[in-house]
Amino acid sequence: MNENENDFDVLRQFLKLKRQETPPPGYFNTFSDQVITRIRAGKLRVNADDYFSEAPWLLKFLHVFEFKPAFAGAFASALFLLLVFGMVYADRTDSSMQPVLQATDPSAGSFAAVAPAALAQPADSTGIIASTNPATSLQPVVSIFDSQNPLTQQVSFTVPGN
Amino acid sequence: MTMIMAEPAERTDQEPAADVPVVEMDLVRRAQRGDLKAYDELVQRYQERIYATVYHMTSNHEDANDLAQDSFIKAYQALKSFKGGSSFYTWLYRIAVNKTINFLKQRKNRTHMSLNDLDFNTENNPDLVALISEKTPRRDAGLKELQEKLNAALLKLSEPHRLVVVLHDVQGQSHEEIAEIMDCNIGTVRSRLFYARQQLQSLLADYLKST
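Because the structure is a prediction, the values reported are computed rather than measured.

Our next topic: the overall build of chain A. Of regular secondary structure, chain A possesses seven helices and three strands. Reading the helices (α) and strands (β) of chain A from amino to carboxyl end gives α-α-β-α-α-α-α-α-β-β. Looking at chain A as a whole, 8% of its 162 residues are labelled buried. A separation threshold of at least 6 residues defines the contact pool for chain A, and within that pool the share at least 24 residues apart is 50%.

Shown next as structure tokens:
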């Protein structure tokens, strides 16, 4: 084997030259930082994977979006329609609930008696009803007390000088 | 990416000091408990050797960078399975070597060389001057060409043969260490080394002719 080693002396010298091939200066100063950063990032991803493993249906659901963008569009459209429907329905409910409240709430009568003037509106006027529904609040609506309030009288007078 | 020919590296870091295994095992245990500072120390301790092995196997800095980083990350992920049957260094080497061999199998048909011009100062290196002496075919070969020929020849070897040459002739590891890393017996290492050298000898015949 020693003879063979001698046969390869020049070759071995050549190969030793490869030791001198080193990366750019400063390369190893940041190498371990990069490794540790990637390990930390991997840990965060593993935590996210754990979350999805507890809810695999969610993962499948999101994968459908990932591989079939049309589903994502359809889902977004459905959400939008649901939102619009919710707003319209809430509007209807808000306005239709007022007579019901008036009819069923025993305090409604006393309330009307306490502040009739405040509630009374001219027949042809529009008023603003406060509502918790942002879609209907500040919307002019026809008064629900039209011509039914016995305490309201229409008056007619002339302004002097006209 | 420019590779720079530096002064020949001291090989003393290849032989761990007597107290190193104790400190190393302590670092490994701490890293097993999730201490990233301890693992950072382990990375710094072996980064150059792991990088060099991968680089000499791939002859490409970018690939070597990715593979070396991936090897350290995989080692961290598998650290709990490390029982200390071998040294951490050997265990880490095995991961890096397996990763590199798998990568090379996938890259079979792609032989990308990224070795660029050598640093000017190294042309004054006495070893190089002796090698590229007058009255030999080498005199016409620039350093870059010489290095490219050498790497091209290495890439023509099979992965196990290239690995043996890299670990033994380039990195100066013993037959025993290589046998442990490659999980084979010393006889196999010797025969692979002999065959690999023969192959290289014939591939580089023009450059190796003596005066």
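On to the packing of helix H7 (residues 159–170) of chain B against helix H9 (residues 186–203) of chain B. Residues and elements named next belong to chain B. Direction vectors running N to C along H7 and H9 enclose 95°, while the axes themselves pass 8 Å from each other. Relative to H9, the element H7 lies roughly perpendicular. For the pair H7 and H9, contact is made by Pro160, His161, Arg162, Val164, Val165 and His168 and by Val189, Arg192, Leu193, Tyr195, Ala196, Arg197, Gln199 and Leu200, respectively. The class makeup of the residues in the contact of H7 with H9 is eight nonpolar, three polar and three charged.

On to the environment of B:Val189. Residue and element names in this part refer to chain B. Structurally, valine 189 is set in helix H9. Separated by 29 residues in the primary sequence, valine 189 and proline 160 place their C-alpha atoms 9.3 Å from one another. Once you skip the residues sitting within four places of it in the chain, valine 189 turns out to touch Val164, His175, Ile178, Ala179, Met182 and Cys184.

Moving on to the nonpolar core. Ranked by internal contacts, the top residues of the largest apolar core, which has 51 residues, are B:Val54, B:Ala68, B:Leu92, B:Val164 and B:Val165. Broken down by element, this core gets its largest block of residues, ten residues, from helix H2 (residues 36–58) of chain B. Two domains share this core, each providing at least three of its residues, namely domain 1 (16–106) and domain 2 (120–208) of chain B. What B:Val165 contacts, discounting residues up to four positions off in sequence, is A:Leu15, B:Leu154, B:Leu157, B:Val170, B:Leu193, B:Ala196, B:Arg197 and B:Leu200.

Residue and element names in this part refer to chain A. Averaged over every residue, the pLDDT of chain A is 70; residues scoring 70 or more account for 48%. Taken together, the stretch residues 108–115 has pLDDT below 50 and engages in three contacts with residues farther than four places along the chain or on a different chain. Segment residues 123–127: pLDDT under 50, and nine contacts once partners within four positions in sequence are set aside and those in other chains are kept.

Relative to the helices and strands, B:His56 resides in helix H2. Sequence separation between B:His56 and B:Leu155 is 99 residues; the distance between their C-alpha atoms is 9.3 Å. Not counting the four nearest positions on each side in its chain, B:His56 is found in contact with A:Lys18, B:Val166 and B:Val170.

Calculation rules
- Residues numbered from 1 in each chain as written.
- Chains lettered and ligands numbered in written order.
- Predicted model: local features only at pLDDT ≥ 70, side-chain atom pairs only at ≥ 80, totals over all residues.
- Helix = DSSP H or I, 4+ residues; strand = E, 2+ residues; numbered from the N terminus.
- Buried ≥ 20, exposed ≤ 12 C-beta atoms within 10 Å, placed from the backbone.
- Contact = placed C-beta atoms within 7 Å.
- Axes fitted to C-alpha atoms, helices over the stretch in contact; angles between N-to-C directions.
- Parallel < 35°, antiparallel > 145°, perpendicular 65-115°, else oblique.
- Nonpolar A, V, L, I, M, F, W, Y, C, P; charged D, E, K, R; others polar.
- Core = buried A, V, L, I, M, F, W, Y, C linked by C-beta atoms within 7 Å.
- Domains from an automatic or database assignment.
- pLDDT = per-residue confidence, 0-100.

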